[in-house]
Amino acid sequence: MELYLDTADVSAVKRLSRILPLQGVTTNPSIVAKERKSLWEVLPALRDALGGTGKLFAQVIAADAEQMVAEAVLLTQRVPGLVVKIPATSEGLAAIKKLKLMNIPTLGTAVYGAGQGLLSALAGAEYVAPYVNRLDAQGGDGIAMVTELQTLLRLHAPGAKVLAASFRTPRQAVDCLLAGCQAITLPVDVAEQFLGTPAVNAAIAQFDQDWQQAFGTRSLN
């Protein structure tokens, strides 16, 4: 599987890339805007934070297909190896088709339905990003949608991958992986929840206390 961080926080990427087996970083316009820095400053800094390797994802701003294609070309010229995120709208699907012919890799984003996600894959997107928690917040079932999408891609677009996004809890991410997702992207706070389970910390503290009481030291020496 592929594990990504969904952030533009360079310090967080530096900190977590030391620990987690990250394949890269995903961003979107809202995430980048929170950093109050130029996209052209943020993206190279994120790659440096990953040790100079890793896959980066950045999203177009334009709403019509021609401008989406122009922005995608600019992004990939400025940041080689980038995967361009294209909203899976009508204009977005038209842009994905054109970019496929230009050999520019894309991700169909803002996916709220399995059929919508399949169409972006059939148009040529290498990745499809369903919004799990956002769908739940609207009264839908994000995990059920991801399960349907994963099945559709397996049957009809096996070259595309689900890259599940929009998580509020580690449980949602695990359920997506159980549904067969090949990639997920975690917000920093959700990634940290995987690492900071209180019961784990309590167990380690007990080990330390028992060892120190028995041997008067905190080392194996």
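Residues numbered from 1 in each chain as written. Predicted model: local features only at pLDDT ≥ 70, side-chain atom pairs only at ≥ 80, totals over all residues. Heavy atoms only, no water.

In the nomenclature of an unreviewed UniProt entry, the chain is known as Fructose-6-phosphate aldolase of Ewingella americana. Of the chain, the UniProt comment under Sequence similarities (unreviewed entry) reads exactly: "Belongs to the transaldolase family. Type 3A subfamily." (UniProt positions renumbered as here; feature names shortened; annotations may be inferred.)

Asks: Even after reading the chapter, I still don't get the packing of aromatic side chains, so can you show me in this structure?
Replies: Inspection of every chain in the model, using the stated rule, returns four aromatic pairs. Arranged with centres 5.2 Å apart and planes meeting at 85 degrees, the rings of tyrosine 4 and phenylalanine 57 form a pair that is edge-to-face. Remark: phenylalanine 57 occurs in strand β3 (residues 55–59) and tyrosine 4 occurs in strand β1 (residues 2–6); sequence separation between them is 53 residues. The pair tyrosine 4 / phenylalanine 57 is uniform in exposure class, with both members buried. Relative to tyrosine 127, the ring of phenylalanine 57 lies with its centre 5.4 Å away and its plane at 80 degrees, an arrangement referred to as edge-to-face. Of the two residues, phenylalanine 57 sits in strand β3 while tyrosine 127 sits in strand β6 (residues 127–130), which places them 70 residues apart along the sequence. For the residue pair phenylalanine 57 and tyrosine 127, the accessibility class agrees, reading buried in each case. (Phe/Tyr/Trp six-rings, centres within 6.5 Å; stacked < 30°, edge-to-face > 60°. Helix = DSSP H or I, 4+ residues; strand = E, 2+ residues; numbered from the N terminus. Buried < 20%, exposed > 50% of the residue type's maximum accessible area, 1.4 Å probe, protein only.)

Asks: So what exactly am I meant to see when it comes to the sheet that holds strand β4 (residues 83–87) here?
Replies: What links the strands of a sheet is backbone hydrogen bonding, and the strands pair in either a parallel or an antiparallel sense. Pairing within the closed barrel is parallel, and its eight strands lie in the order β1-β2-β3-β4-β5-β6-β7-β8. Direction aside, the axes of adjacent strands within the sheet are offset by 25 degrees on average. Sheet topology places β3 next to β4; three bridges connect them, and they run parallel. What sits directly across from alanine 58, in β4, is valine 84. (Pairing = 2+ DSSP bridges. Axes fitted to C-alpha atoms, helices over the stretch in contact; angles between N-to-C directions.)

Asks: Is there a simple way to explain the nonpolar core in this structure?
Replies: When a protein is soluble and globular, its nonpolar side chains tend to lie buried together. By size, the foremost hydrophobic cluster in this structure holds 61 residues, and its most contacted members are Leu153, Phe167 and Cys176. Those residues in contact with phenylalanine 167 that sit more than four places away from it in its chain are Val132, Asn133, Gln172, Ala173, Cys176, Ile184, Thr185, Leu186, Pro187 and Val190. Counting residues in each nonpolar core, the second largest holds eight residues, with Phe57, Val83, Tyr127 and Leu163 among its members. (Core = buried A, V, L, I, M, F, W, Y, C linked by side-chain atoms within 4.5 Å. Contact = heavy atoms within 4.5 Å.)

Asks: Help me understand the pairing of strand β8 (residues 183–186), please; the structure alone is not making it clear to me.
Replies: It is a general feature of regular strands that their side chains alternate between the two faces of the sheet. Side-chain alternation along β8 places Ala183 and Thr185 on one buried face and Ile184 and Leu186 on a second face that is also buried. Pairing of β1 with β8 involves four bridges; the strand directions are parallel. If you follow glutamate 2 over to β8, its bridge partner there is alanine 183. Pairing geometry for strand β7 (residues 161–164) and β8, over two bridges, is parallel. Across the sheet, residue alanine 164 finds its bridge partner in β8, namely isoleucine 184. Handedness of the β7-helix α9 (residues 170–178)-β8 crossover: right-handed. (Right-handed = clockwise from strand over helix to strand, strands pointing away.)

Asks: So what exactly am I meant to see when it comes to unusual backbone geometry here?
Replies: Most peptide bonds take the trans form, and the phi angle of most residues other than glycine is negative. In this structure, asparagine 103 is a non-glycine residue whose phi angle is positive, near 60 degrees. Tracing the chain through its elements places asparagine 103 in the loop between α5 (90–101) and β5 (106–111). Even without a glycine there, the phi angle at serine 166 is positive, about 65 degrees. Exposure remark for serine 166: the relative accessible area of 15% places this residue in the buried category.

Asks: Help me understand a nonpolar patch on the surface in this model?
Replies: A cluster of nonpolar residues, Ile19, Phe194 and Leu195, forms a patch on the protein surface that exposes about 260 Å² of accessible area. Mapped onto the secondary structure, leucine 195 falls in helix α10 (residues 188–195). (Patch = residues over 30% accessible without salt bridge, like charges linked within 9 Å, V, L, I, M, F, W, Y side chains within 5 Å. Areas by Shrake-Rupley, 256 points an atom, 1.4 Å probe, with all protein chains shown as cover. Salt bridge = Lys/Arg side-chain N within 4 Å of Asp/Glu carboxyl O.)

Asks: So what exactly am I meant to see when it comes to helix α1 (residues 10–17) here?
Replies: Three or four residues apart is the spacing at which side chains of an α-helix point the same way, because the helix has 3.6 residues per turn. All of the buried residues in α1 are Val10, Ala12, Val13 and Leu16. Looking straight down α1, one finds that the buried residues subtend no more than 160 degrees of arc, so they occupy a single side. Pointing more than 90 degrees away from the buried face of α1 are the exposed residues Ser11 and Lys14. (Arc of directions from axis to C-beta.)

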